[in-house]
Amino acid sequence: LEMQRANHNGDPEAVNLLVADYKVQRQRLLAIDRELCAYADLNLVVHDHDLFRFEEGLSTANSWIEDSLFPALSLVNRGRMVSSRGQSYALLKRYEDADREFNVAISLFKSEAELYKKEIDQTRVYQCFNLLDLEPSRAVDVMETILHNSLQAAGMNPANAFGNPFHEHLFLKLLWTL
């Protein structure tokens, strides 16, 4: 959690120290609490992406997804790990692989859609960014779904539709791209 907090606070020195410490302790944590270790590794993927180490982020996600105990992880960690692999693929310009992973993650979250609305929405945002590079016409379709859901959440008031900064960024990028 400290690693996540330092990353969000933009403190690269603290993040680097915490990542180094985590890597030393990781095997012990894995033996004690796989869920917490998976959560920490998800933050490690974000850290690697922030440093443009996309292959390392992909390797971390793959180590979980390809593990025989992956199905035993919680639904939320499985969905987030698959989504993270999709993000890694997108950053590596493997757009079709990324789209496949985003669809898998959304399917996982949809199995308990009411509980995981936020994760579905966030994964759709990642998918839409990826589709802008892969197939812009499909990005428009995904953006329509995201915007429709935002409008519903805002009580159909367009002035409040972009309460989520990711939606606003995505919409502006979509306008710029098309």
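Everything below is about the structure printed above this text.
What this report covers is the structure whose coordinates are included nearby. (Residues numbered from 1 in each chain as written. Predicted model: local features only at pLDDT ≥ 70, side-chain atom pairs only at ≥ 80, totals over all residues. Heavy atoms only, no water.)

**A short note on helix α3 (residues 34-50)**
Because an α-helix completes one turn every 3.6 residues, residues spaced three or four positions apart along the sequence face the same direction. Between the first and last C-alpha of α3 there are 24 Å, a value that for 17 residues agrees with the 24 Å anticipated at 1.5 Å per step. Within the sequence span of α3, burial applies to Cys 37, Ala 38, Ala 40, Asp 41, Leu 42, Asn 43, Leu 44, Val 45, His 47, Asp 48 and His 49. The secondary structure elements touched by the buried residues of α3 are α1 (2-8), α2 (12-32), α4 (54-65) and α5 (75-91). Two to three positions downstream of the cap, the backbone nitrogen of Glu 35 sits 3.2 Å from a side-chain oxygen, assigning the N-cap of α3 to Asp 33. Positive phi shows up at Phe 52, right after α3, with a value of about 60°. (Helix = DSSP H or I, 4+ residues; strand = E, 2+ residues; numbered from the N terminus. Expected span 1.5 Å × (residues − 1). Buried < 20%, exposed > 50% of the residue type's maximum accessible area, 1.4 Å probe, protein only. Contact = heavy atoms within 4.5 Å. Polar contact = N/O pair within 3.5 Å; in protein donor to acceptor, adjacent residues only side chain to side chain.)

**Topic: the environment of Lys 23**
Within the fold, Lys 23 resides in helix α2. With 70 residues separating them along the chain, Lys 23 and Lys 93 place their C-alpha atoms 28 Å apart.

**Side note on the side chain of His 49**
In this fold, His 49 is placed in helix α3. Discounting residues that sit within four places of it in the chain, His 49 has contacts with Phe 54, Gly 57, Ser 84, Gln 87, Ser 88 and Leu 91.

**Describing the pattern of salt bridges**
In total, this model carries 12 salt bridges according to the counting rule given. Among the salt bridges present, the one from Arg 53 reaches Asp 48, with a minimum N-O distance of 2.7 Å. Residue Arg 53 is classed as partly exposed on the basis of its relative accessible area, which comes to 28%. The closest approach of N and O atoms between Glu 101 and Arg 100, which form a salt bridge, is 3.0 Å. Judged by relative accessible area, which is 40%, Arg 100 ranks as partly exposed. (Salt bridge = Lys/Arg side-chain N within 4 Å of Asp/Glu carboxyl O.)

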